[in-house]
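Descriptive analysis of the structure
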Amino acid sequence: MGNHFDSIDQVARELAEAHYIADRALATVLFLAHRLEKPIFLEGEPGVGKTEVALVMARLFQTSLIRLQCYEGLDATTALYEWNYPKQLLHIRIEEQQKKGKDEIERAIYSPEFLIKRPLLEAIMSAEEKSPVLLIDEIDRSDEEFEAFLLEVLSDFQITIPEIGTLRAGKRPMVVVTSNRTRDVHDALKRRCLYHWIDYPSFEKEYRIIMTRIPGVEEDFARQVTAFMQKIRGVDFLKKPGVSETLDWAQALMTMHHSFLEEEVVDATIGCILKYQEDIKKFKEEIWNDDEQRSQYLSATA
Ligand SMILES: Nc1ncnc2c1ncn2[C@@H]1O[C@H](COP(=O)(O)OP(=O)(O)OP(=O)(O)O)[C@@H](O)[C@H]1O
Ligand SMILES: [Mg+2]
């Protein structure tokens, strides 16, 4: 397995071997990000394979994955570093007993040894031979303030700790930023990244995902499930199902020893793909109770 991408085709091929199906546009973005050492910004609906990109890249490059999960209220300290107060205190006690001077003690306790590295600092200071993959997941959940701070970090991969000085990344981590677009992320941040929108998959892509993710699945069954999913996404639901739901559903059906879709089975397992009561009600009333529609869903093909 290469640690270097020579072509877009190679990216797509290696991802597929690692069980991730990427279309040409995504493979191109990953190729360029790797070559130009630029962060990737992935936006898209829930469950379409954004986070998985970072996991699979780390696997391909056989390097570590450092993950920063964003949430409301996440601040620079939590993302970057904190001082290890208990350890510092203990050290002060010991040094005092040894009658060390105040300056000496202070120098000692504000050294890297007493830092608790949070994901961003860890990525910058990563001492590994290979640069790590840094996943900044669901950036849209963090506040704009945090976004501005992140902009700085991503611009030059260096941070200044007042007591220590400026630390610079030896090897630039490969950065994957994801967003579900619950709010718009600032242009300035996007500008520093290669942007890619991951859409719901095409029939072909979704079929390949099922085939690669679910061992032992039969081709005809995978095709039937794919066609069903492609069709159901055309309905105006509160929450359309993503790829996660497709995989969960196919897995559930297989666990129940079903290898084709039938009326009662779909009815009983619809909760695997629709997660709002309103959507389930709508599905049952407008689609499943309608003979013609139902048979269309069950016999749908590419
Ligand atoms: N192109 C793909 N190839 C293989 N597996 C995929 C692909 N897209 C999605 N999956 C699978 O679907 C599931 C959901 O993917 P993932 O968690 O990456 O979605 P996400 O876009 O990050 O969702 P969310 O917005 O909810 O965090 C995972 O199990 C992943 O392996
Ligand atoms: Mg995700």
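Just above sits the structure.
These notes cover the structure that comes with them. Quick caveat: nothing in here was measured; it's all calculated off a predicted structure. (Residues numbered from 1 in each chain as written. Chains lettered and ligands numbered in written order. Predicted model: local features only at pLDDT ≥ 70, side-chain atom pairs only at ≥ 80, totals over all residues. Heavy atoms only, no water.)

Between side chains of opposite charge, pairing is possible as soon as their charged atoms come close. In the structure shown here, the tally under the stated rule is 19 salt bridges. Of the charged contacts, one joins aspartate 6 and arginine 35 as a salt bridge, the two residues approaching to 3.9 Å between their closest N and O atoms. Here aspartate 6, found in the segment before α1 (8-17), pairs with arginine 35, found in helix α2 (residues 24-36); they are 29 residues apart in sequence, far enough to count as distant. For arginine 24, the salt bridge is made with aspartate 9, and the minimal N-O distance between the two is 2.7 Å. (Salt bridge = Lys/Arg side-chain N within 4 Å of Asp/Glu carboxyl O. Helix = DSSP H or I, 4+ residues; strand = E, 2+ residues; numbered from the N terminus.)

Right, let's talk about the sheet that holds strand β1 (residues 40-44) for a bit. Within the open sheet, the five strands sit side by side as β2-β5-β8-β1-β9. Their pairing is parallel. Bordering the open sheet on either side are β2 (65-69) and β9 (194-198), each of which pairs with just one other strand. Averaged over all pairs of adjacent strands, the angle between their axes in this sheet comes to 20 degrees, without regard to strand direction. Bridge count for β1 against strand β8 (residues 174-179) is four bridges, and the pairing is parallel. Looking at β8, one finds that leucine 42 is bridged to threonine 178. Contacting β1, β2, β5 (133-137), β8 and β9, helix α3 (residues 50-60) runs over the sheet at an angle of about 170 degrees to β5. (Pairing = 2+ DSSP bridges. Axes fitted to C-alpha atoms, helices over the stretch in contact; angles between N-to-C directions. Contact = heavy atoms within 4.5 Å.)

This brings us to the packing of aromatic side chains. To describe a pair of aromatic rings, one takes the distance between the centres and the angle between the planes. This structure, assessed with the given rule, holds 12 aromatic pairs. Both rings, one in phenylalanine 228 and one in tyrosine 297, keep their centres 5.2 Å apart while their planes meet at 65 degrees; by these two values the pair is edge-to-face. One end of the pair, phenylalanine 228, is in helix α11 (residues 219-232); the other, tyrosine 297, is in helix α15 (residues 291-299), with 69 residues separating them in the sequence. For the pair shown, phenylalanine 228 and tyrosine 297 are each scored as buried. Centroid distance tryptophan 288 to tyrosine 297: 6.5 Å. Interplanar angle 80 degrees. Geometry classified as edge-to-face. Of the residues examined, tyrosine 297 reaches a relative accessible area of 2% and is grouped as buried. (Phe/Tyr/Trp six-rings, centres within 6.5 Å; stacked < 30°, edge-to-face > 60°. Buried < 20%, exposed > 50% of the residue type's maximum accessible area, 1.4 Å probe, protein only.)

Near ligand 1, the surroundings consist of 18 residues, among which Ile21, Gly47, Lys50, Thr51 and Asn180 are the closest. Asparagine 180 is positioned such that a nitrogen or oxygen atom in its side chain is 2.7 Å from an oxygen atom of ligand 1. Arginine 213 is positioned with one of its side-chain polar atoms (N or O) 3.1 Å from an oxygen atom of ligand 1. Isolated, ligand 1 exposes 630 Å² of accessible area, and the fraction of that covered by the protein chains is 82%. Looking at the shell around ligand 1, the elements with two or more residues in it are α3, α10 (203-213) and α12 (243-255). (Near = heavy atom within 4 Å. Polar contact = N/O pair within 3.5 Å; in protein donor to acceptor, adjacent residues only side chain to side chain. Areas by Shrake-Rupley, 256 points an atom, 1.4 Å probe, with all protein chains shown as cover.)

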